[in-house]
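Letter by letter, the chains look like this.
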Amino acid sequence: MPALITEPGRKQCSHSESHTTPGRLHRCRWLIRPGYLFLIVALLWMVRADFLTWCAQTWIVNDKLEKADAIVVLGGGLQQRPFEAARLYHLGFAPRVLIVKVRRNPTDTVGITKGETESMTEVVLRQGVPANAISVIGESVSNTSDESLAVARWAKSSSAKSVIIPTDLFHSRRAKWIFTKRLKTTATNVRVVALSASECDSLSWWKTEGGVLNFQNEVLKFIYYVLKY
């Protein structure tokens, strides 16, 4: 057999060397993949403000205000809800303010602390709402579901056509869902007003621990309500 002639200075390619390039490309792919991941994370970080704002604004329910039969003050929001109810009353949106009767704590019972219902009533009175325009409804309610049942019973007995519910930003979706569900049989329209706190709004909620916890907890509670009720 004649000898294989090669060009001077050029090394003859062996069989083993012919497979080195694909191996190197394979290793390069593993280096490229983390690079893509880093790029995705960097892009998400750059648009995080817009994305998180969109999440909050999509979640929050804030209905257009119209005149109603009553404004409902839910428990658990003493620093905002009764004040907003009084403001809406004075603006003429409803002739009556409903205050739910919240379950009393042991310290309320022995007179060490004031009950939440009494505190909410006092706030509304001090904001200029006359006593004859305030009604306390329900009995020992402890959550939003109990409150919706109390309002549904009141709406049925009073033939109310609509109610306004001022509540916290992230609680607004759960409140809208359960109240609409419970008041469906009475044909009572529910309008929810979302209230921004000084330390938590839809544009910067993720910047504080309280805002993150509130949003997280409300998402979980909403899922729980949908599954349970």
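Residues numbered from 1 in each chain as written. Predicted model: local features only at pLDDT ≥ 70, side-chain atom pairs only at ≥ 80, totals over all residues. Heavy atoms only, no water.

Enquirer: Hey, could you run me through the side chain of serine 135 in this one?
Expert: Along the chain, serine 135 falls in strand E3 (residues 134-141). Apart from the residues lying within four places of it in its own chain, the contact partners of serine 135 are Arg96, Val97, Leu98 and Ile99. (Helix = DSSP H or I, 4+ residues; strand = E, 2+ residues; numbered from the N terminus. Contact = heavy atoms within 4.5 Å.)

Enquirer: Help me understand the side chain of threonine 144, please; the structure alone is not making it clear to me.
Expert: Relative to the helices and strands, threonine 144 is located in helix H6 (residues 144-158). Only 2.9 Å separates the side chain of threonine 144 from the side chain of histidine 171, close enough to count as a polar contact. If sequence neighbours within four positions are ignored, threonine 144 has contacts with His171, Arg174, Ala175, Ile178, Phe179 and Tyr225. (Polar contact = N/O pair within 3.5 Å; in protein donor to acceptor, adjacent residues only side chain to side chain.)

Enquirer: Looking at this structure, how should I read the packing of H6 against helix H7 (residues 171-182)?
Expert: The packing of two helices is summarised by the inter-axis angle and the distance between the axes. In the contact formed by H6 and H7, the axes pass within 9 Å of each other and the chain directions differ by 40°. For the element pair H6 / H7, the angle class is oblique. The element H6 and its partner H7 pack so that their crossing is right-handed. Across the interface between the two elements, Thr144, Ser145, Glu147, Ser148, Leu149, Val151 and Ala152 of H6 pack against His171, Arg174, Ala175, Ile178, Phe179 and Arg182 of H7. (Axes fitted to C-alpha atoms, helices over the stretch in contact; angles between N-to-C directions. Parallel < 35°, antiparallel > 145°, perpendicular 65-115°, else oblique. Left-handed = near helix turned anticlockwise from the far one by under 90°.)

Enquirer: Honestly, the sheet that holds E3 in this entry has me stumped. Any pointers?
Expert: Read across the open sheet, the five strands follow the order E3-E2-E1-E4-E5; overall the sheet is parallel. The open sheet is flanked by E3 and strand E5 (189-195), the only strands paired with a single partner. On average, each strand axis in the sheet is tilted by 25° relative to the strand beside it, whichever way the strands run. Summarising the sheet, strand E1 (residues 70-73) and strand E4 (residues 162-168) pair through two bridges and their orientation is parallel. Residue pairing in the sheet places isoleucine 71 in a bridge with isoleucine 164 of E4. (Pairing = 2+ DSSP bridges.)

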